[in-house]
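Chain residues, written in single-letter form:
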Amino acid sequence: MATITISLPLPVLPEGWTAEKDFKAVGEVSAATNRSIEPVGPHFLAHARRKRHRRTFSEDDRIQAQENVKSVEDQDAGEISEPEDQVMLQREAKDWKGQDHYAVLGITKYRWRATEDQIKRAHRKKVLKHHPDKKAAAGGTEDDQFFKCIQKATEVLSDPVRRRQYDSVDEAADVEPPTKKQTQKGNFYKLWGPVFAAESRFSKIQPVPQLGNDKSTKEEVDEFYNFWYNFDSWRSFEYLDEDVPDDNESRDQRRHMERKNLNARKKRKTEDSARLRKLVDDALALDERIKKFRQEEHARKNKKRLEREAEQKKAAEDAAKAKEEEAKKQAEKDAAEKAGKADAKKAKEQAKNAVKKNKRVIRGAVKDANYFATSGDASASQIDGALNDVDLLISKQDPDELAAWTAKLDGKKDAVIIKQIFDEEVKTLKDAGKIKDGELKTL
Amino acid sequence: MSDDESQSRVAIGISFGNSYSSIASTNNDGNTIVIANEDGDRQIPSMLSYVSGEEFHGQQAKSQLVRNPTNTVAYFRDFIGQDFKSIDPTPCSGSAHPKAGSDGATFNIKDTEEDSENTRTISEITTRHLKRLQTSASDYLGKGVNAAVITVPTNFTDKQKEALTASAKEAGIEVLQYIHEPVSAVLAYDARPDAKLSDKIVVVVDIGGIRTDVTVIASRGGLYSILATAHDYDVSGAQFDQALMDHFAKEFIKKHKTDPREDKRALAKLKLESEAVKKALSIGTNASFSVESLVSGIDFTSTINRTRFELIGNKYFASISRLALSAVEKAGLDPLDVSEIICSGGSSHTPKVARSLQSAFPEGIPVLAPATSPTSLNPSELAVRGAAIQASLISEFETEDIDQSTHPMVTAAPHLGKAIGILSISGDESSGVFRPLVEAHTPVPVRRTAQIAVPREGGDVLIKICEGVSQIKVSTPAPQPKAEKKDDEDEDSDEDDSEDEPEEVRERVWKAETVLSEAALRGVKKGAKVEVQLDVAADLSVRVTLRQVGDKGGKGLIGNIKGSAKENGHAS
Ligand SMILES: Nc1ncnc2c1ncn2[C@@H]1O[C@H](COP(=O)(O)OP(=O)(O)OP(=O)(O)O)[C@@H](O)[C@H]1O
Ligand SMILES: [Mg+2]
């Protein structure tokens, strides 16, 4: 072989790549298949020379070598052998339209699934057995009726168009849907699965979604019914056409027959669509998964609703609680306020009393100080003047000051001291600007 | 074989079909000559006919199918070495019917001057046929032919070969080797002087007279291995003839109100003339049909054009294409993996057969047939040419030598499951580009060498040897922007959608899989090339040899990847 040229460049060696002697084996070559090289052509001669070079092969080796080579010719796996029904063997070739072509070729277990290759091999097998020359050799009659049936079957089944026409009406491949009762008693998937598998053959779109099982997801089930409600079928019914008379007959007669056939095909097609639709309807109605999904959906929605309701309730409760709390707080506050007010009144009273008492003490002190008369009994005017001054002083003082003043006077009986205390008060008030000169008569 | 013997060995190639046989020889200049018999035919009908003890062969025998069908033996090649129960007598409906003999099929024919039937075995008939071929070849070569390479179908059993060898021996022919018809066809093409040796997947579609065979062959460095076969006994030249017969019969019925197919003699005439018309339509676009006294003295002439023929034969052409595709699938390949299609067998002359194959396979795959390739070889001669070439290659060898070399001990070999190659551009398997050095289905041991470019600046390069698989990438091109919508567009928008559906584009791409080894080649010069040589041994070990091209100093590097199989391992 000539040297191969690759113009795409080799990759740059990655940074840090190392290997002992710059080479490392990493993997192994995948398994090989033993095949036979065809001993043909000049290059094989070279191969043989290399392989045989100064070697002798033992008989064992030789036998083994032969056995190990993968065969490229089809071995008959016996998949095409069905017992032949006596009635079928008696069929007349002219009734070919009514024959079960798959049965004639012995491939009923495949039917529409049979590959072209299987049909060919089945045909050959039948030909080898039923050719009139074979029958004659076996001492039989030269009856070639069944042989002709075989030829017809092959003719139909090996032409893709005609095969579809036949498959369209091959009732033996149908799987009847179970009744409602059967379904309810049995396993829905086991009973309906094969029905849909069989109907799938008519779908233009392949592969076709299948029924699945109770583990199928909602999406799968939805897709399944969606597909089947929009089934695009290649099924057609020309195989059931009534024979159109050939050229000799009148043209009108022919036209009439053709029209009749056309209408019949259309009608059957419509009926078939309706049939399939009903079949899907029935399955859907019996499909527990639909109920299950609905319930689940329901439960999910319910759950949501309950959650929402609970939430609302809680919110309401919370609000009520908050309101209550608020009210309570308010009440407390009110009570406190009320209490406060009472206290204040009391205090006021007390203060008032204290003031009264203090006033009394102060006034008493004035009396004790002989109304500040310097000698002898105080004259009435002296008494009046002194009491007026004291009243003025008292009026200029707040209860605390009064209390402090009273405290100073406490127990003092000496007129001089009392006069001194009063003078101090006067002075303090004067300093504070509360009394002006001249306001006081006696002090 | 002594020197004496081998010197006196005169070997030819023989293709022995059910319908036609051919003989060919390679001359001293190395040219292969397909030999015409005394009638001037290179496609010699495989038929014998006896009239008053006189033996007719080839075309002359075929002509006897009209007058003397019961003493004419035809379509018997596949019966050789078979039990009676395994043969299909269908093709013999218009000639002597096979009977059950003690050892396979026999024919009861009057082949002497006496007016009595004799039972002739398949072996005897075969011997007689081969003798006639031998005589024609000897006459042409001017020396007695005594050896041959004979082509057989891929499903010809050992028992059949033994039987054929015995019959040939009776005729004085030593069978040097049997080679498979499709492989012989590939050899015929590969032996052309301008042919280049390359690794390829070849699909040989052999459409004969009564059978069609498809063979998928991996051609690896000139070594051929069959990957898959498919056989069809229901669609071939005979069905094309039948389609024409039915056509002309209907024409005849229209005019004369009788069905010529119901009369044996008329049927035979109809069949012969239909085959002639079919052949004429391979060259011309029109052909005339003409039979004297078809039924009850009525002469019948008619014409047909090629288009009409292609129409009535279309289901057969389509069926052949499907068969070819199914064989490719059987081989585990995609149609895109196919490098070329060789149309072989006489029916490959029919233009529509080749065209139908051409359109069934991806665009661009060459279909080697007269209608689709101007450089194609005569499809009727491919098998015999290959046989003659093989005969010239081995005729000097001793018989013992040939036997040894064709034994499974020599022919059986492990074939790689996956391609082995290198990563270029990037050392990362996902972003690097895999390039195969050794393709899948290559028998080992094998050596392949490649020269690979280096990065622009040279420097240190990474050589990563991987296994790779070819995959089919399917993509749908973005739909063409729609032409501007008109007002009334809505109504037929449905139609538009389906029409505009862009066609899928399928292409074959390589994907790197298991990394087998990594190596560095350092200091590679700017603009240099690196040579990578892989030697895969029978135990699947690989020797990797690396060097910079032109670097005589030998900074090369050799590494070994351990093998995973025992030599002569088992089939898997
Ligand atoms: N020029 C042609 N055009 C069309 N068909 C042809 C032409 N030449 C030969 N044939 C047809 O090719 C068929 C014979 O093919 P071929 O020579 O390959 O036969 P064969 O190898 O003996 O095949 P088999 O074993 O299948 O009968 C016949 O049907 C014959 O009519
Ligand atoms: Mg052939």
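- Chain B goes by Heat shock protein-like protein 70 in an unreviewed UniProt entry, where it is assigned to Pseudovirgaria hyperparasitica.

- An unreviewed UniProt entry lists chain A under the name Zuotin, with Pseudovirgaria hyperparasitica as the source organism.
- The UniProt entry for chain A carries this comment under Subcellular location (unreviewed entry): "Cytoplasm".

### Some words on the sheet that holds strand E21 (residues 419–424) of chain B
In sheet architecture, strand pairing relies on hydrogen bonds along the backbone and comes in two forms, parallel and antiparallel.
Turning to step 1, where the next piece is worked out: Read across the sheet, five strands follow the order E2(A)-E25(B)-E24(B)-E21(B)-E22(B) without closing on themselves; strand pairing throughout is antiparallel. In this open sheet, the two strands that pair with only one neighbour each are strand E2 (23–25) of chain A together with strand E22 (433–438) of chain B. Along the sheet, successive strands turn relative to each other by an average axial angle of 40°, direction set aside.
Turning to step 2, where the next piece is worked out: Taken together, the three bridges between E2 of chain A and strand E25 (residues 505–524) of chain B define a ladder with antiparallel strand orientation. In the strand pairing of E25 of chain B, phenylalanine 23 of chain A is matched with alanine 519 of chain B.

### Looking at helix H14 (residues 380–395) of chain A
Residue and element names in this part refer to chain A.
Turning to step 1, where the next piece is worked out: Between its first and last C-alpha, H14 extends 22 Å over 16 residues, near the 22 Å set by a 1.5 Å rise per residue.
Turning to step 2, where the next piece is worked out: Those residues of H14 lying buried are Gly385, Ala386, Asp389, Val390, Leu393 and Ile394.
Turning to step 3, where the next piece is worked out: Where H14 is buried, its residues contact helix H13 (288–368), helix H15 (399–409) and helix H16 (415–431).

### Observations regarding the sheet that holds strand E7 (residues 72–73) of chain B
Residues and elements named next belong to chain B.
Turning to step 1, where the next piece is worked out: Spatially, the three strands line up as an open sheet ordered E6-E5-E7, and their pairing is antiparallel. The open sheet terminates on both sides in strands that have one partner only, identified here as strand E6 (54–57) and E7.
Turning to step 2, where the next piece is worked out: In this sheet, E7 lies alongside strand E5 (residues 48–51) in antiparallel orientation, the contact comprising two bridges. Among the inter-strand pairings, leucine 48 is bridged to a residue of E7, identified as valine 73.
Turning to step 3, where the next piece is worked out: Sheet contacts for helix H2 (residues 59–67): E5, E6 and E7; angle to E6, the most-contacted strand, approximately 105°.
Turning to step 4, where the next piece is worked out: The sheet strands contacting helix H3 (residues 122–141) are E5, E6 and E7, and the helix crosses E6 at an angle near 70°.

### Re the pattern of salt bridges
Turning to step 1, where the next piece is worked out: Evaluated as defined, the whole model comprises 70 salt bridges over all chains.
Turning to step 2, where the next piece is worked out: Of the charged contacts in the structure, one is a salt bridge between lysine 278 of chain A and aspartate 282 of chain A, with a shortest N-O distance of 2.7 Å. Here lysine 278 of chain A and its partner aspartate 282 of chain A are both found in helix H12 (residues 251–286), four residues apart, which amounts to about one turn of the helix.
Turning to step 3, where the next piece is worked out: With a shortest N-O distance of 2.6 Å, lysine 62 of chain B and glutamate 275 of chain B are connected by a salt bridge. Separated by 213 residues along the polypeptide, lysine 62 of chain B in helix H2 and glutamate 275 of chain B in helix H7 (residues 264–283) bring together distant segments of the chain. We note that lysine 62 of chain B, like glutamate 275 of chain B, is buried.
Turning to step 4, where the next piece is worked out: The structure contains a network of salt bridges with shared partners spanning Arg77, Asp78, Glu181, Arg211 and Asp213 of chain B.

### What to know about the nonpolar core
Residues and elements named next belong to chain B.
Turning to step 1, where the next piece is worked out: Formed by 49 residues in total, the largest nonpolar core has its most connected members in Val205, Val216 and Ile341.
Turning to step 2, where the next piece is worked out: Apart from residues lying up to four places away in sequence, valine 216 is in contact with Ile201, Val202, Val203, Ser225, Ile226, Leu227, Ala228, Ala327, Val328, Ala331 and Leu333.
Turning to step 3, where the next piece is worked out: Grouped together as the second largest cluster of nonpolar side chains are 43 residues, Ile23, Leu65, Val73 and Ile210 included.

### Details of the domain arrangement of chain A
A common measure of how large an interface is: the accessible area buried when the components associate.
Residues and elements named next belong to chain A.
Turning to step 1, where the next piece is worked out: Domain parsing of chain A yields domain 1 (54–171), domain 2 (174–286) and domain 3 (351–432).
Turning to step 2, where the next piece is worked out: Of note, the centres of domain 1 and domain 2, computed from C-alpha atoms alone, are 29 Å apart.
Turning to step 3, where the next piece is worked out: Listed per partner, the contact involves 12 residues of domain 1 and 13 residues of domain 2.
Turning to step 4, where the next piece is worked out: Counting the surface lost from both domain 1 and domain 2, the interface buries some 1,200 Å², and carbon and sulfur atoms represent 55% of this.
Turning to step 5, where the next piece is worked out: Per-residue buried area on domain 1 facing domain 2 is highest for Lys97, Trp112 and Ser168; these three make up 42% of the total on that side.
Turning to step 6, where the next piece is worked out: Linking domain 1 to domain 2 there are five residue pairs in polar contact (both at pLDDT 80 or more).
Turning to step 7, where the next piece is worked out: Here the side of domain 1 that touches domain 2 is built from residues that sort into four nonpolar, three polar and five charged.

### Looking at the environment of alanine 185 of chain B
Residues and elements named next belong to chain B.
Turning to step 1, where the next piece is worked out: Tracing the sequence through the fold places alanine 185 in helix H5 (residues 181–190).
Turning to step 2, where the next piece is worked out: Sequence separation between alanine 185 and serine 344 is 159 residues, and the spatial gap between their C-alpha atoms is 7.0 Å.
Turning to step 3, where the next piece is worked out: If we ignore the near neighbours within four places in the chain, the residues touching alanine 185 are Val204, Ile342, Ser344 and Leu382.

### Some thoughts on the pairing of strand E13 (residues 200–207) of chain B
Residues and elements named next belong to chain B.
Turning to step 1, where the next piece is worked out: With eight of eight residues buried, E13 is to be regarded as a mostly interior element.
Turning to step 2, where the next piece is worked out: Across eight bridges, E13 lies against strand E14 (residues 212–220) in antiparallel orientation. Of the residues in E14, the one forming a bridge with valine 202 is isoleucine 217.
Turning to step 3, where the next piece is worked out: Judged from the five bridges that link them, E13 and strand E18 (residues 340–344) form a sheet pairing that is parallel. Pairing of aspartate 206 across the sheet is with serine 344, part of E18.

Reading the values: rules and limits
Residues numbered from 1 in each chain as written. Chains lettered and ligands numbered in written order. Predicted model: local features only at pLDDT ≥ 70, side-chain atom pairs only at ≥ 80, totals over all residues. Heavy atoms only, no water. UniProt positions renumbered as here; feature names shortened; annotations may be inferred. Pairing = 2+ DSSP bridges. Helix = DSSP H or I, 4+ residues; strand = E, 2+ residues; numbered from the N terminus. Axes fitted to C-alpha atoms, helices over the stretch in contact; angles between N-to-C directions. Expected span 1.5 Å × (residues − 1). Buried < 20%, exposed > 50% of the residue type's maximum accessible area, 1.4 Å probe, protein only. Contact = heavy atoms within 4.5 Å. Salt bridge = Lys/Arg side-chain N within 4 Å of Asp/Glu carboxyl O. Core = buried A, V, L, I, M, F, W, Y, C linked by side-chain atoms within 4.5 Å. Domains from an automatic or database assignment. Buried area = accessible area lost by both parts, 1.4 Å probe. Polar contact = N/O pair within 3.5 Å; in protein donor to acceptor, adjacent residues only side chain to side chain. Nonpolar A, V, L, I, M, F, W, Y, C, P; charged D, E, K, R; others polar.

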